[in-house]
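# Overview (structure and organization)
This is what each chain is made of:
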Amino acid sequence: MSSQVAPTPVAPVSLPAPRRRRFRRAGWDLLGLVVLVVMVFPIYWMVATAFKPGHDILSYKPIWFPTHPTLSNFKDAINQAFFWNAVKNSLIVVVVVVALSLVLAFLASLALAKFRFYGRKSFITLILGVQMVPLTALIIPLYILMSRAGDVKGVDHVLGVDKLSGVIVMYLTFVLPFTVWTLRGFLLGVPQELEEAAMVDGTTRFGAFVRILLPLLGPGLVATSIFAFIQAWNEFIIAYVFLHTPEKQTLMVWLASFTTLRGTDWGPLMAGATLCPCPSSCSSCSSSGGSRSG
Amino acid sequence: MAAIEFVHVSKAYGNDKLAVRDLNLTIEEGEFVVLVGPSGCGKTTALRMVAGLEEITSGEIRIGERVVNDLAPRDRDVAMVFQNYALYPHKNVYENLVFGLRMRKVAKEEQRRRVEEIARILGLSEMLERRPAQLSGGQRQRVAMGRAIVREPKAFLMDEPLSNLDAKLRVQMRAEIARIQQTLKVTTLYVTHDQVEAMTMGSRVAVMRDGVLQQVDAPEHIYDAPTNLFVASFLGSPAMNLLEAEIVRDGDGVACRLGEVSFAAPSSLARRAGGRVAVGIRPEHVRPAFGSSDGIRLRGLVRLVEPLGSEVLAHVEVPADPLGRVDLVDAAGQPADGFSAAGQGSATMLARFDRELAIRAEQPVELAVEAHRVLFFDLETGAAVPVADVPMAATVAS
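Analysis parameters
- Counting starts from 1 at the beginning of each chain's written sequence and moves along it residue by residue.
- Going through the entries in the order they are written, you letter the chains from A and number the ligands from 1.
- Two thresholds apply to this predicted model, a pLDDT of at least 70 for residue-level local features and 80 or more for giving and counting side-chain atom pairs, whereas whole-chain, interface and lining totals are computed over all residues.
- Processing note: side-chain calculations cover all non-hydrogen atoms of the structure and skip hydrogens and water entirely.
- By definition, pLDDT measures how confident the predictor is in each residue, and it falls between 0 and 100.
- Contacts are assigned to residue pairs with any non-hydrogen atoms lying within 4.5 Å of each other.
- Method remark: on a 1 Å grid restricted to protein atoms, a set of points is classed as a cavity if a 1.4 Å probe fits but cannot get out and as a pocket if it is open with protein on both sides within 12 Å along at least five of seven lines; lining residues have an atom within 4 Å of a point.
- Grid points are joined across faces, edges and corners, and a volume is the space filled by probe spheres set on the points.
- Under the DSSP-based scheme used, a helix requires at least four consecutive residues in state H or I and a strand at least two consecutive residues in state E, with every element numbered from the N terminus.
- Residues are grouped as follows: nonpolar covers Ala, Val, Leu, Ile, Met, Phe, Trp, Tyr, Cys and Pro; charged covers Asp, Glu, Lys and Arg; every other residue, Gly included, is treated as polar.
- One requirement defines pairing of two strands: DSSP has to find at least two bridges between them.
- Pairing of aromatic rings covers Phe, Tyr and the six-membered ring of Trp, with a centre-to-centre limit of 6.5 Å; geometry is then stacked below 30 degrees between planes, edge-to-face above 60, and tilted otherwise.
- We call a residue buried when its accessible area falls under 20% of the maximum for its residue type, exposed when it is over 50%, and partly exposed in between, using a 1.4 Å probe and counting protein chains only.
- For a helix, the expected span equals 1.5 Å multiplied by the number of residues minus one.
- What we call the bend at a residue is the angle made by axes fitted to the seven residues finishing there and the seven residues starting there.
- Note on terms: buried area is the combined drop in 1.4 Å-probe accessible area of two parts once they are placed together, counting the loss on both.
- Throughout this description, the term salt bridge denotes a Lys or Arg side-chain nitrogen within 4 Å of a carboxyl oxygen of Asp or Glu.
- The term polar contact refers here to a pair of N or O atoms within 3.5 Å; inside protein, the definition further demands a hydrogen-donor-capable atom paired with an acceptor-capable atom, and it admits residues adjacent in sequence only when both atoms are side-chain atoms.

### Details of the confidence of the model for chain B
Residue and element names in this part refer to chain B.
- Chain-level pLDDT for chain B is 88 on average; 92% of the residues reach the 70-or-more range.
- Across residues 333-339, confidence stays below pLDDT 50; counting only partners more than four residues off in sequence or on other chains, it has 11 contacts.
- Confidence drops under pLDDT 50 across residues 390-398; counting only partners more than four residues distant or on other chains, this segment forms 18 contacts.
- Taken over the whole predicted complex, pTM reads 0.77, whereas the ipTM for its chain interfaces reads 0.83.

Right, here's the structure in full:
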């Protein structure tokens, strides 16, 4: 006689929950590390190449670390024609773009955030839409517009091709929408009652903007000024198309001068490329304290 | 100090809705008036119009002798305490307190003297260097009060200043604000939706509904003699019991038939004989009937008992018609809470009982209502029916 015994249910073999979580987390960490390496490696390669002597740069076998570091590439880059002109031009463009964009964006965002007027919502949507248009698609129409504007008396001092002021106006067209949008967000975060309390306390409406809103917008202003700085400093296409004369070119265009018909001078190019981001990196680092809350 | 006067003031947003309609109200010099009403009734709009933060569509607002319709907020010399305190987050307590004085170019020594004095009175002396984010809710509230007081304005405007505080602190600050106002004797307009604040703080209470001022009077008078069903239901916690009754002729007199019960009604209701009225009974005027207790007797069934500490709040289902016109008591014409109908012919009444009576749910009870406390209202308009004489005797119809 045989009796059937029901099989005892066996729990599926699985890792305990904390261990599973640890493995999953390690997987994500590894993925993050891979992404970091992919992003950081080109920068490392640029900096390493800047310190390598010529034969190490052109060696068929990759040399991962500069075994005989040299500063000659930096010396060559700095001594390259128009370097200091390019630095000066870049600084002028960046300072003017940052200053103008902050003033204009503060006033525009104030209007968009605090006042109700006809077409306000459409304008806000337009600002967002403008940012979605690729810059390269605008280069040709902008070039035609700018070259014709240069022929118009009265504005030909400011607008026109091969003028730093023309490039500044061009840069404002893509820096301003972002800064206005961002500052509007910061302004909407400031309670209306603060402004009203200041007005009841004895200030004018403008006084309330300046004494109460402006200090509270500090993080927003820092964040948008860093954005404007980086955009204006790193921009290449517009400067390359609009500035023909070597004396008027910005640093990014000057960098391109290392590539000629006869080839590319990699050492000085990499040294120049290492030097170029220094101001924008410094401005980001020095402002990071103030922009923490932004 | 100065009186504040609303003269036929209206405020419209856009072209359609009137937030405030033809408001006429005077807050006398040194008086504390509480403007109370449900959300969206226009009370905050009225306050903001006094501060100059809202434009006036029509009418006049006077502060003292001066019409201030076109004056900027800073020229009105009023101080405002906001619901969320509106302390400047980037300034410390001292800078918050002194801001108004600096704007008015008060001499520096005087600024310091006044701020230090207010800080001492409000117990803020130890925290003058702190930022608002480092203060508790109660401390922020005191800074907001201090910022208003230090300026020594003609009037205080307070927009629900206690609503962000916890219940205990609210009771404490309620007393403190009332004490400060009594000490300084500054004209104060205080806006709240909390009827307890309205009843306890103001020397007069103004009740608003849907932009219209309903009644202005001393709190106890409004409580005892509300001008209409809305005021009757809005003030008082728990809310007044509102039922429907029939007015009938009873020999030479008039009687009121409330469900199965009939009792003598004031003779002023004689011309309403054959019609229906709303009857209002406050929960504290309902007690359990003992043997020979006077009053209107209503038999009912306890449906729910809510302990309140020394008392219990009993929800008793009685054979009477609930108020059908709920639109007369609600701000937006929606059915209101507190006296929900248990069905046609039976209504829920709230009654405060002593805890010692050990009332339990599902227990039959006989209620005795103090007849002279019963209020009558017109069912069409909701207006209170004036009571010339008071019925004292009550009879129970079998």
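After presenting the structure, the write-up continues.
### Details of the layout of surface pockets
- The calculated volume of the largest pocket comes to roughly 520 Å³.
- Around the largest pocket sit 26 residues that line it, and Arg205 of chain A together with Gly52, Leu53, Glu54 and Glu55 of chain B are the ones nearest its centre.
- For the lining of the largest pocket, the secondary-structure elements that each account for two or more residues are α4 (83-114), α7 (164-188) and α8 (192-201) of chain A together with β1 (4-13) of chain B.
- Broken down by element, the residue count for the lining of the largest pocket peaks at four residues, all from α8 of chain A.
- Counted by class, the lining of the largest pocket contains 11 nonpolar, four polar and 11 charged residues.

### A short note on the sheet that holds strand β2 (residues 17-27) of chain B
All names here are of chain B.
- Strands sit in the order β2-β1-β4-β5 across an open sheet of four strands; the sheet is antiparallel. Edge strands, defined here as strands with exactly one partner in the open sheet, are β2 and β5 (66-67).
- Taken together, the two bridges between strand β4 (residues 58-63) and β5 define a ladder with antiparallel strand orientation. Each residue of the ladder has a partner; that of Ile63, found in β5, is Arg66.

### Regarding the packing of aromatic side chains
Residue and element names in this part refer to chain A.
- Taken as a whole and assessed by the stated rule, the structure comprises 18 aromatic pairs over all chains.
- Aromatic pair Phe41 and Tyr44: ring centres 6.3 Å apart, planes at 45°, arrangement tilted. With Phe41 and Tyr44 both in helix α1 (residues 17-50), this residue pair falls three residues apart, about one helical turn.
- Residue classification places Phe41 among the partly exposed positions, given a relative accessible area of 35%.
- Overall, the relative accessible area of 29% leaves Tyr44 in the partly exposed class.

### With respect to α1 of chain A
Residue and element names in this part refer to chain A.
- Over its 34 residues, α1 extends 49 Å from the first C-alpha to the last, a length consistent with the 50 Å expected when each residue adds 1.5 Å.
- Along α1, the largest kink reaches about 35° and is centred on Val40; proline Pro42 follows within four residues of it.
- Every buried residue belonging to α1 is among Met46, Ala48, Thr49 and Ala50, and all of these are buried.
- Residues of α1 that are buried make contact with α2 (54-57), α3 (72-79) and α13 (266-275).

### Things to note about the interface of chain A and chain B
- At the interface, 16 residues of chain A touch 22 residues of chain B.
- Roughly 1,600 Å² of surface becomes buried between chain A and chain B when both sides are summed, with 67% attributable to carbon and sulfur atoms.
- In this structure, the salt-bridge partner of Arg48 of chain B is Glu196 of chain A, at a minimum N-O distance of 2.7 Å.
- Between the two partners, chain A and chain B, sit nine residue pairs in polar contact (both at pLDDT 80 or more).
- Its residues placed into classes, the side of chain A that touches chain B shows nine nonpolar, three polar and four charged.

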